[in-house]
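Read off the chains here:
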Amino acid sequence: MTELKIGVVDVLVVRLADDGWRVLLLRRGTGTRCTGAWEIVHGSIEPGERPAAAALREVGEETGLTVQRLYNVTAHLFHLHQNDTVQVAVAFCAFVTPEEREVRLGNEHDHYEWLAVDEAMTRLLWPQERRTLADAYDLLRNGDAASADDVLRVI
């Protein structure tokens, strides 16, 4: 029987520039799944780990950046046929300081770019990542969640 598992986090990493959002996209390296595809930070939730902790850990591991503020944005489902699980991905938006531009890539990625929202939308491979970006920008375009900050802000 197919298992339902809350096992993945997706994290938009954003820095606020003078002219708006800059979204961090990572390009998959040679020898990894989806080689050459552009994506946001994502990864597995470790046993006993909460989704927000996994999001912070994955940002650190994949980028070397420090998260200033973390917001819960949405969750979505996808099927992994290799192990016949339906995964729930919990999606977050992480803001870093405007000065943090240099990224220390992990071994899964070979290049990164900070892009405006419109350009990031055209570069992302997965439609769900584009929807997450649209939702996050709609909720957090000014850098916080305004009247919903008490509900969406994790740290």
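Residues numbered from 1 in each chain as written. Predicted model: local features only at pLDDT ≥ 70, side-chain atom pairs only at ≥ 80, totals over all residues. Heavy atoms only, no water.

Draft legend 1. How the structure looks around the nonpolar core. Counting residues in hydrophobic clusters, the biggest one holds 21 residues, and the most contacted among them are V11, V13, L24, L65, F92 and W114. Apart from residues lying up to four places away in sequence, V11 is in contact with I40, V41, A55, V59, F92 and A94. The next biggest cluster of nonpolar side chains, apart from the first, holds 20 residues, and it includes L12, W21, L25 and A120. (Core = buried A, V, L, I, M, F, W, Y, C linked by side-chain atoms within 4.5 Å. Buried < 20%, exposed > 50% of the residue type's maximum accessible area, 1.4 Å probe, protein only. Contact = heavy atoms within 4.5 Å.)

Draft legend 2. Region of the structure containing the pattern of salt bridges. Taken as a whole and assessed by the stated rule, the structure comprises 13 salt bridges. Taking the shortest distance from any N to any O, the salt bridge between E58 and R57 comes out at 3.0 Å. Taking relative accessible area as the criterion, E58 reaches 6% and is therefore assigned buried. (Salt bridge = Lys/Arg side-chain N within 4 Å of Asp/Glu carboxyl O.)

Draft legend 3. Structural view of the pairing of strand β2 (residues 20-28). In terms of burial, β2 is largely enclosed, as seven of its nine residues are buried. By the bridge criterion, four bridges tie strand β1 (residues 3-17) to β2 in an arrangement that is antiparallel. Looking at β2, one finds that V14 is bridged to V23. The hairpin formed by β1 and β2 contains two residues between the paired strands. (Helix = DSSP H or I, 4+ residues; strand = E, 2+ residues; numbered from the N terminus. Pairing = 2+ DSSP bridges.)

Draft legend 4. The arrangement of the packing of aromatic side chains in detail. Enumeration over the complete set of coordinates arrives at three aromatic pairs. Seen from their ring centres, W21 and Y137 are 5.0 Å apart, and the 90 degrees between their planes marks the pair as edge-to-face. Note that W21 is positioned in strand β2 and Y137 in helix α3 (residues 127-140), a separation of 116 residues in sequence. For W21, a relative accessible area of 3% puts it in the buried group. (Phe/Tyr/Trp six-rings, centres within 6.5 Å; stacked < 30°, edge-to-face > 60°.)

Draft legend 5. Representation of the environment of Y137 within the structure. Here Y137 falls in the partly exposed class, since its relative accessible area comes to 27%. Along the backbone, Y137 and V8 are 129 residues apart, and their C-alpha atoms lie at a distance of 21 Å. Not counting chain neighbours up to four residues away, the residues in contact with Y137 comprise W21 and V117.

Draft legend 6. Here's a closer look at helix α1 (residues 51-63). Across its 13 residues, α1 extends 18 Å between first and last C-alpha, which sits within 8% of the 18 Å expected from 1.5 Å per residue. Taken together, the buried positions of α1 are A52, A54, A55, R57, E58, V59, E62 and T63. Where α1 is buried, its residues meet β1, β2, β4 (41-44), β5 (69-80), β6 (85-96) and β7 (109-115). One or two positions beyond α1, positive phi appears at G64, with a value near 75 degrees. (Expected span 1.5 Å × (residues − 1).)

Draft legend 7. Layout of the layout of surface pockets. For the largest pocket, the calculated volume is near 620 Å³. Forming the boundary of the largest pocket are 26 residues, of which V8, R33, H42, F78 and L80 lie nearest the centre. Those elements giving two or more residues to the lining of the largest pocket turn out to be β1, β4, α1, β5, β6 and α3. Of the residues that constitute the lining of the largest pocket, the class distribution is seven nonpolar, 10 polar and nine charged. (1 Å grid on protein atoms, 1.4 Å probe; cavity = no way out; pocket = protein on both sides within 12 Å on 5 of 7 lines; lining within 4 Å. Points joined across faces, edges and corners; volume = space filled by probe spheres on them. Nonpolar A, V, L, I, M, F, W, Y, C, P; charged D, E, K, R; others polar.)

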